[in-house]
Amino acid sequence: MRLLFRCLILLFLLALSAPVQAGNLTLVYHQIGGKGGVTLGLPAETLRRRVLALRARGYRFVTSSQALNAPSGVKTATLRFDDGFESVYREAFPVLQALGVPGTVYPILDLIGQPGHMTQAQLDELRAAGWEIGSHTHTHAALIDLTPGGLSRELDPGGQPLACVAYPFYLQDARVRRAAQQTFACGAGGAFGVRGERYALPGPLASPWDDWLLPLRAASGLDLRVPVLLALGGNILLDLPGAAPATPPLWNPATFELLGSGSLSFGWQAGVRDTRLLVRQQNWVLGLNFLRGRETYSGATLAYHLHPLTLAAGYGTRGPVVGVAAALGGYGEVWGRYLAGTAAVGAEVIPLDYLRLRAEYVLTPSALRSEAQYALPLLPGEGRPLRVLLGFDQGWYAGGTVRLGAHSATLISRLDRPAFGVRIQTLW
Ligand SMILES: [Zn+2]
């Protein structure tokens, strides 16, 4: 039975990691002109070959916003150029102009006119030639780390007619999607995206790592399936001795406000494996939780979002679970959960840009868990990928996180005893 269950989960994840090509196929590139590479330094001739190959298969090339309005049944392809590198103007534009194919450029607004990046005049020339210009935010910030004030700063079009926004590192959540909706016609999201949702358009499987791992990915062809399958393999293969809590810690079954299109996380701490999967389809969120140690927990929840509330119900090895969460005006959410005669209340908030606080209080037997994460003001153009955390769970622990594109790895050390933990998370 358990083996069958694991096989079903494996099949589900494999299906999830297959590319979404519902009508539109988007190809994301960064720099054009070079000796090779997936999206960095792609030779212009390779780009030309790919366009011709897709055309031969019946694809019509359109911009991001045109793809939204294409009649159903028409196969469209979109060439998306993130970051606004000048090589797109110099190398890709002439080739695509000759083919009559428009591109969509998402420049980092504050870098327009900087060395290596397109000037405003070049962007205007592209627009006049039928290209579409969008926004890749002002500074290439990781939008999920920002307060509503930070979001409106980063998403301000500055009086320009910018069609859509491409979220840096593909990172978005409900707050980000709502903020994008106020200004843009669409938002380009992570690798899988959400079918039929214009503020979580799928980014392609070819480029989920964005800027950090581009040179490595260019050499090896890595894509999102790698961390997904690694995490899954770790979950299936490792069976560790140890004491698991009876429910997943810091667990909001009605999460929505701070969720993108989905997430998979794999934690290993004090002999406990904690695997969580969230998949969003518009206002529905399917959640799966597995805890493995001396005690185990397996459960599934289904949540429905009706702004500002999210309601969740599910069933697991400790019986039924219900949850409710309320959005806090763009600063996060508060929530409650009831499982096996025990209630818990909690919150996950972003009170300041780059600071994230999570806490839960379990009523019986009473237990407090909390964690603060702060993204260090380093590498701002990479969205501050290095962060430190301090948490409390029957004792203090501290850790550090490195984010690579939409993936992150965290190392944790207890401060009260020699014990370590690892967490791997991938968002889309
Ligand atoms: Zn980028």
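For the structure itself, look to the data block above.
Let me begin by describing the structure that accompanies this report. (Residues numbered from 1 in each chain as written. Predicted model: local features only at pLDDT ≥ 70, side-chain atom pairs only at ≥ 80, totals over all residues.)

1. Here's the deal with the overall build of the chain
To be explicit about the condition: A run of H or I in DSSP counts as a helix once it spans at least four residues, and a run of E counts as a strand once it spans at least two, with each numbered from the N terminus. Working definition of burial: number of other C-beta atoms within 10 Å of the residue's own, with buried at 20 or more, exposed at 12 or fewer, and partly exposed in between, all C-beta atoms being placed from the backbone. In this description, a residue-residue contact is defined by the distance between C-beta atoms placed from the backbone, which must lie within 7 Å.
Within the chain one finds nine helices and 21 strands. The proportion of buried residues among the 428 residues of the chain is 46%. A fraction of 53% describes how many contacts in the chain between residues 6 or more apart in sequence connect residues 24 or more apart.

2. Looking at the packing of helix α2 (residues 44–56) against helix α4 (residues 86–99)
Note the threshold: Lines fitted to the C-alpha atoms define the axes, with helices restricted to the stretch that makes contact. Angles between their N-to-C directions range from 0 to 180 degrees. Roughly parallel means an angle under 35 degrees; roughly antiparallel, over 145; roughly perpendicular, 65 to 115; everything else is oblique. Two helices cross in a left-handed way if the nearer one is turned anticlockwise from the farther one by less than a right angle. They cross in a right-handed way if the turn is clockwise. Only Asp, Glu, Lys and Arg are considered charged in this grouping, and only Ala, Val, Leu, Ile, Met, Phe, Trp, Tyr, Cys and Pro are considered nonpolar; every other residue, Gly among them, is considered polar.
In the contact formed by α2 and α4, the axes pass within 9 Å of each other and the chain directions differ by 30 degrees. It follows that α2 is roughly parallel to α4 by the angle criterion. When the axes of α2 and α4 are compared, the crossing they make is right-handed. Two secondary-structure elements touch here, α2 through Ala-44, Leu-47, Arg-48 and Val-51 and α4 through Glu-91, Ala-92, Val-95 and Leu-99. Counted by class, the contact of α2 with α4 contains six nonpolar, no polar and two charged residues.

3. A word on the nonpolar core
To keep it simple, the criterion reads: We define a nonpolar core as a collection of buried residues of the types Ala, Val, Leu, Ile, Met, Phe, Trp, Tyr and Cys that are connected via C-beta atoms lying within 7 Å of each other.
Ranked by size, the top nonpolar core spans 57 residues in total, and within it Val-88, Val-105, Leu-143, Tyr-167 and Leu-171 carry the most contacts. It is α4 that contributes the most residues to this core, five residues altogether. In this structure Val-105 touches Phe-81, Gly-84, Val-88, Leu-123, Leu-126, Trp-131, Ile-133 and Gly-134, once residues within four positions along its chain are discounted. Leu-258, Leu-264, Ala-303 and Ala-325 belong to the second-largest nonpolar core, a separate cluster that totals 14 residues.

4. Here's the deal with the environment of Ser-261
Positionally, Ser-261 belongs in the loop between α9 (225–237) and β8 (262–269). Distance in space between the C-alpha atoms of Ser-261 and Gln-282 is 8.3 Å, their sequence separation being 21 residues.

5. Digging into the pairing of strand β18 (residues 386–393)
Side chains on a regular strand alternate between the two faces of the sheet. Here is the rule we go by: Only strands joined by at least two bridges in the DSSP assignment are considered to pair.
In this sheet, β18 lies alongside strand β17 (residues 367–375) in antiparallel orientation, the contact comprising seven bridges. Counted as the bridge partner of Ala-372 is Leu-390 from β18. Both β18 and strand β19 (residues 396–404) contribute to a ladder of seven bridges, which runs antiparallel. Across the sheet, the residue bridging to Leu-390 is Ala-398, located in β19. What sits between β18 and β19 in their antiparallel hairpin is a turn of two residues, with Gln-394 showing a positive phi close to 60 degrees.

6. Observations regarding the pairing of strand β11 (residues 297–306)
Burial along β11 is one-sided: Tyr-297, Gly-299, Thr-301, Ala-303 and His-305 are buried, and none of Ser-298, Ala-300, Leu-302, Tyr-304 and Leu-306, which face the opposite way, are. Pairing geometry for β11 and strand β12 (residues 309–316), over eight bridges, is antiparallel. By the bridge assignment, Thr-301 is partnered in β12 with Gly-314.

7. Some details on the packing of helix α6 (residues 148–155) against helix α7 (residues 174–181)
Two elements in contact, α6 and α7, have axes separated by 10 Å at closest approach and are oriented at 45 degrees. Our classification of the angle between α6 and α7 gives oblique. Remark: the crossing between α6 and α7 carries right-handed chirality. On the side of α6, the interface is formed by Leu-151, Ser-152 and Leu-155, while α7 contributes Arg-175, Val-176, Ala-179 and Ala-180. Residue composition of the contact of α6 with α7, by class: five nonpolar, one polar and one charged.

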